[in-house]
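# Close look at the chain arrangement
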Amino acid sequence: MGQVPLMKVLGIETSCDETAAAVVEGGRRVLSNIVFTQVAKHRPYGGIVPEVACRCHVEELPGIMDHAMEAAKTAWEDLDAVAATYGPGLASSLLVGLTAAKAVAFRLGIPLLGVNHIEAHLYSLFLGDGARYLEKREPLVVLMVSGGHTALFRVDGIGRYEQLGQTLDDAAGEALDKGAKLLGLGYPGGPEIEKAAAGGDPEFVRFPRGLEQRGSHGQIRGMDVDSCFSFSGLKTALLYYLRDHPDAVTGPRFRDVVASYQEAVFEALVDRLERAIEKTGVRVAGCVGGVSRNKRLRLMMERMAERQGVALLLAPLEYCTDNAAMVAAVAGAPGSLVARGGLDLDVDPDLVVGSV
Ligand code: KG4
Ligand code: ZN
């Protein structure tokens, strides 16, 4: 189970629409981190088209891997292992990265490691200032917010995760992407909304925050509903708002409408993290994933951490969105959930991170 600290690991990430490769030494030292983002290829469709993503990975990955090796000044023979994301994600896209990793492992006679994409995102916290918390062995509560996932975890160390809650419908990134579409903004929605909302009044419209009421005692798949998220009502509220205010998109308050929508998504995120802090008594909070690149969200997290008197860890900006540095790093970290695979290791599009 990857307990031995590995020296140099080549990591490959193709779970969604980023084609990425990186070399990381000793689970921490990033020697290279190359990311090719396919955004321009998917933009005409207003969202990710799995077939386009898969073909693009096939075309781009060999060059990206070479680039990562060159940038790391590492010879192929000096690699100790090769790691690829094997789930969760788009099946055909995952297959491209995993197959490439198998070829490298077979050719060089080195171990093949399968990485869980969610665990990789969680580990991105430790590629920055968070590294010191690994040594301190302090528990953390971490919010993972990306295009495909929105979930809360208690992290008691590498490989020791308990999922406290998750979204019951859309992921936060998905809510931003779909909201952006309704607002006539481009793809991907998160960064477009961030730009359009700059300087806007986030209190101009009060959009609903899903599962706002505290103290619900229901359970879903073993998780407290109180720690879960819901964004589908928010999206519908935006749809109705735009129907009832036909000049909202072209009018002078557009910026305020966008800022208000963004605020509703972020308040739900910050609120659930705050509840988790109060419930668990854990004193270190973290946030990872593509949406955590957002400056407004980072500021709101900082304010919440100050209010709660807890330490806050945010993934460094370059490791928020999908990348292979977090894949190679977690693969080389003792205790991580990596699957030490043979050539029969298969992709698992629905892979979860559970308690171990
Ligand atoms: O982690 P990620 O790269 O991929 C997944 O694992 O899904 O996250 C992609 C998501 C997209 O929904 C995108 O809109 C969002 O992250 N995102 C942002 C920002 N940059 C990317 N959301 C808000 N603000 C940003 N600056
Ligand atoms: Zn991701």
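Up top is the structure.
Summarised in this report is the structure supplied together with it. (Residues numbered from 1 in each chain as written. Chains lettered and ligands numbered in written order. Predicted model: local features only at pLDDT ≥ 70, side-chain atom pairs only at ≥ 80, totals over all residues. Heavy atoms only, no water.)

## Thoughts on the overall build of the chain
A count of helical and extended segments in the chain gives 11 helices and 13 strands. Radius of gyration (C-alpha) of the chain: 20 Å, near the 21 Å computed for a compact globule of 356 residues. Structurally, the chain occupies a C-alpha span of about 65 × 45 × 35 Å along its principal axes. For the chain, with 356 residues in total, the buried portion stands at 56%. The centroid of the 36 positive side-chain charges in the chain is displaced by 3 Å from the centroid of its 45 negative side-chain charges. (Helix = DSSP H or I, 4+ residues; strand = E, 2+ residues; numbered from the N terminus. Rg over C-alpha atoms; globule rule 2.2 N^0.38 Å. Buried < 20%, exposed > 50% of the residue type's maximum accessible area, 1.4 Å probe, protein only. Lys, Arg positive; Asp, Glu negative; His and termini not counted. Charge placed at Lys NZ, Arg CZ, Asp CG, Glu CD.)

## With respect to the sheet that holds strand β6 (residues 140-145)
In space, the five strands of this open sheet follow the order β8-β7-β6-β11-β12, with mixed pairing throughout. The strands lining the two open edges of the sheet, one partner per strand, are β8 (161-166) and β12 (311-314). Taken over all neighbouring pairs, the strand axes of this sheet differ in orientation by 20° on average, direction set aside. In this structure, strand β11 (residues 284-288) lies alongside β12, joined through four bridges in parallel fashion. Considered in β12, the bridge of C287 is made with L314. On top of the sheet, helix α9 (residues 254-280) reaches β6, β7 (150-155), β8 and β11; it is set at about 160° to β6, its chief contact. (Pairing = 2+ DSSP bridges. Axes fitted to C-alpha atoms, helices over the stretch in contact; angles between N-to-C directions. Contact = heavy atoms within 4.5 Å.)

## Some remarks on the site of ligand 1
Around ligand 1, 19 residues are found, and the nearest of them are G147, D177, G190, E194 and D322. One nitrogen or oxygen atom from the main chain of G147 is found 2.9 Å from an oxygen atom belonging to ligand 1. Between ligand 1 and the protein, one listed contact pairs an oxygen atom with a side-chain N or O atom of D177 at 2.9 Å. Isolated, ligand 1 exposes 560 Å² of accessible area, and the fraction of that covered by the protein chains is 91%. At the level of elements, α4 (117-123), α6 (172-182) and α7 (189-197) are the ones that each hand at least two residues to the shell around ligand 1. Residues of the shell around ligand 1, tallied by class, amount to five nonpolar, 10 polar and four charged. Taken together, domain 1 (8-123 + 320-341) and domain 2 (138-314) each give at least three residues to the shell around ligand 1, which thus spans both. (Near = heavy atom within 4 Å. Polar contact = N/O pair within 3.5 Å; in protein donor to acceptor, adjacent residues only side chain to side chain. Areas by Shrake-Rupley, 256 points an atom, 1.4 Å probe, with all protein chains shown as cover. Nonpolar A, V, L, I, M, F, W, Y, C, P; charged D, E, K, R; others polar. Domains from an automatic or database assignment.)

Fair warning: the whole summary comes from geometry, so function is off the table for now.
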